[in-house]
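Notes for the structure review
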Amino acid sequence: MASSTANVPSKMKAWTYGEYGKSSDVLKLDPDFAVPQLNDDQVLVKVVAAGINPVDFKRMLGMIQATDSPLPIIPGYDVAGVVVKVGSQVKKFKEGDEVYGDINEKALDHPKQFGTIAEYTAVEEKLLAFKPKNLSFVEAAGLPLAIETAHEGLERCEFSAGKSILVLGGAGGVGTMIIQLAKHVYGASKIAATSSTGKLDFLKSLGVDLPIDYTEQNFEDLPEKFDVVYDAVGQCDRAVKAVKEGGRVVTILGDAVPPAISFVLTSKGAVLEKLNPFLESGKVKPVIDPKGVFPFDQTREAFAYLETGRVTGKVVISIIP
C-alpha cells in the first residue's frame, strides 16, 4: 500500500467554512487543507465532481448544529471520482476504480467534517458503488443522495407495480428521481407530479401522466386520489388529503402529519449497485439543471443558484475540469 501513497499529496484545495452562516458569507477556498487520513474501512477518492443538495446549505446555516461534526467543515455529500488509496480492510475497490456515492451514512447525524467539495475525500467503501459506465463523472455526482432518497421513500411506503403515485416537487433533485424510479423500477400504473408552469412539459418527458401546475390548482382538490403521495417539498398537511383510504404518504421535509411517515436518508452503496442496471440501460437518467454545472472556483455561485429553489434536477461542481 505504501507505493500508492507516493502520488497523493499531503495538502489539497478545499472549500470550507469555519463558522455557520450564509454560503456567500462563510464559504472560503482553502488552497492548503490537509488531505484526510484514511480509516481501515475507507478509500481515498480523487474527486472529479461533487453534487450539492439543499442539506448542504441548511447545514451551513447551522440547522443541524446539535448533531454536526466540528468546524471547520468541507461541505458536500455527493461524490464521483477515482480511488487513489485503500484502507487495509477494503475488499471491493482498488486503486483506479471509478466510483460514486453519498459519503454520509446518516444524513443529519454527524455528517463528515471533511466532505466532497475538495480535491480528495475519504469515505467508507460500503457507501460507494462503481460509477455506471455510460455516465460522466458530473452526471454520476448528481445522483447519490437524490436517487437513494427517492428509493428509500418508495421502499418505506411499500410502493409496487400497479400502484398510482403523486409526487410533490416533481422537477427537483429528488422528485425527478422518484418519478423515474416509480415508472421504470417499480412499474407505477399512473404518475402525477406538481411543478411550476414552465416545467410541466419537462415532467411529461420524465414519464409523468398527470402534470399539475401548482400555481393554477391545488392538488388536494383533485377528485382523483392516489395510492402513494411522496412529498419532496414539505406540504405534508396537504399531501395527506390526496391519498386514497389505506394509502401511504411519505415526506422528507418538515413534520409528518398522520398517517404520513417521514424519514432521513441512510446512505448505502448497495442501493446504488441495485439501481446501476437501470442507469446503464438508460431507463433512469441523471437530471442536471441546464445551468447547473459549475467549475470548482465558482462553488459560491453554485450554492447561490441552488439556494434560489428554482433548480430543475441537480447542481454539480466539476472539481477536475
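Everything in this summary refers to the structure shown in the same document. (Residues numbered from 1 in each chain as written. Predicted model: local features only at pLDDT ≥ 70, side-chain atom pairs only at ≥ 80, totals over all residues. Heavy atoms only, no water.)

Describing helix α8 (residues 269–280)
Given a rise of 1.5 Å per residue, 12 residues ought to cover 16 Å, and the 16 Å separating the end C-alpha atoms of α8 matches this to within 8%. The set of residues buried in α8 consists of Gly269, Val271, Leu272, Leu275, Asn276 and Leu279. What you see down the axis of α8 is that its buried residues fit within an arc of 150 degrees, all on one side. In the core, the buried residues of α8 are packed alongside β5 (98–102), β7 (128–130), α4 (144–156) and α5 (173–184). Positive phi shows up at Gly282, right after α8, with a value of about 85 degrees. (Helix = DSSP H or I, 4+ residues; strand = E, 2+ residues; numbered from the N terminus. Expected span 1.5 Å × (residues − 1). Buried < 20%, exposed > 50% of the residue type's maximum accessible area, 1.4 Å probe, protein only. Arc of directions from axis to C-beta. Contact = heavy atoms within 4.5 Å.)

Topic: the layout of surface pockets
Considered as a void within the structure, the largest pocket measures approximately 1200 Å³ in volume. If you trace the largest pocket, you find 48 residues lining it, with Pro54, Lys58, Ala232, Ile252 and Leu253 closest to the centre. Broken down by element, the lining of the largest pocket gets its largest block of residues, 5 residues, from helix α2 (residues 54–60). Taken together, the residues of the lining of the largest pocket sort by class into 23 nonpolar, 18 polar and 7 charged. (1 Å grid on protein atoms, 1.4 Å probe; cavity = no way out; pocket = protein on both sides within 12 Å on 5 of 7 lines; lining within 4 Å. Points joined across faces, edges and corners; volume = space filled by probe spheres on them. Nonpolar A, V, L, I, M, F, W, Y, C, P; charged D, E, K, R; others polar.)

Section: the pairing of strand β10 (residues 210–213)
Here strand β9 (residues 190–195) pairs with β10 via 4 bridges, running parallel. When the sheet's bridge partners are listed, Ala193 is paired in β10 with Pro211. Crossover handedness for the path β9 to helix α6 (residues 200–206) to β10: right-handed. (Pairing = 2+ DSSP bridges. Right-handed = clockwise from strand over helix to strand, strands pointing away.)

So, the pattern of salt bridges
For the coordinates displayed, the defined rule picks out 14 salt bridges. Residue Glu124 pairs with Lys112 through a salt bridge whose shortest N-O separation is 2.7 Å. One end of the pair, Glu124, is in strand β6 (residues 120–124); the other, Lys112, is in the loop between β5 and β6, and 12 residues separate them in sequence. Considered together, Glu124 and Lys112 belong to a single accessibility category, that of buried residues. For the salt bridge of Lys244 with Asp227, the shortest nitrogen-to-oxygen distance reads 3.3 Å. With Lys244 in strand β12 (residues 243–251) and Asp227 in strand β11 (residues 226–231), this pair connects stretches of sequence that are 17 residues apart. Residue classification places Lys244 among the partly exposed positions, given a relative accessible area of 37%. (Salt bridge = Lys/Arg side-chain N within 4 Å of Asp/Glu carboxyl O.)

Points about the environment of Glu280
Positionally, Glu280 belongs in helix α8. Here the alpha-carbon distance between Glu280 and Pro132, two residues 148 residues apart in the chain, equals 5.8 Å. Ignoring anything within four residues of it in the chain, the contact list for Glu280 reads Lys131, Pro132, Lys133 and Asn134.

Points about unusual backbone geometry
Here the amide bond leading from Leu71 into Pro72 is cis, since omega sits at -5 degrees, within 30 degrees of zero. Mapped onto the secondary structure, Pro72 falls in the loop between α2 and β4 (78–86). With omega at 5 degrees, the peptide bond leading from Pro258 into Pro259 counts as cis. Positionally, Pro259 belongs in the loop between β12 and β13 (261–262).

What to know about the pairing of β9
Most of β9 is tucked away, with 5 of its 6 residues classed as buried. Bridge count for strand β8 (residues 164–168) against β9 is 4 bridges, and the pairing is parallel. Within β9, the position partnered with Val167 by the bridge is Ala193. Assessed by its sense of winding, the connection that carries the chain from β8 through α5 to β9 is right-handed.

Re the packing of aromatic side chains
Counted under the stated rule, the structure contains 6 aromatic pairs. Ring centres of Phe33 and Phe114 lie 5.4 Å apart, and the angle between their planes is 70 degrees; on these two criteria the pair is classed as edge-to-face. With Phe33 in strand β2 (residues 28–34) and Phe114 in the loop between β5 and β6, this residue pair connects regions lying 81 residues apart in the sequence. On the basis of relative accessibility, which here comes to 29%, the residue Phe114 falls in the partly exposed class. Ring centres of Phe159 and Tyr186 lie 6.0 Å apart, and the angle between their planes is 65 degrees; on these two criteria the pair is classed as edge-to-face. Residue Phe159 is found in the loop between α4 and β8, and its partner Tyr186 is found in the loop between α5 and β9; the two are separated by 27 residues along the sequence. For the pair shown, Phe159 and Tyr186 are each scored as buried. The lysine or arginine in question, Lys46, covers the ring of Tyr120, its NZ or CZ lying 5.1 Å from the ring centre. Seen from the ring of Phe137, Lys131 lies directly overhead, with NZ or CZ sitting 4.9 Å from the centre. (Phe/Tyr/Trp six-rings, centres within 6.5 Å; stacked < 30°, edge-to-face > 60°. Lys NZ or Arg CZ within 6 Å of the ring centre and 35° of its normal.)

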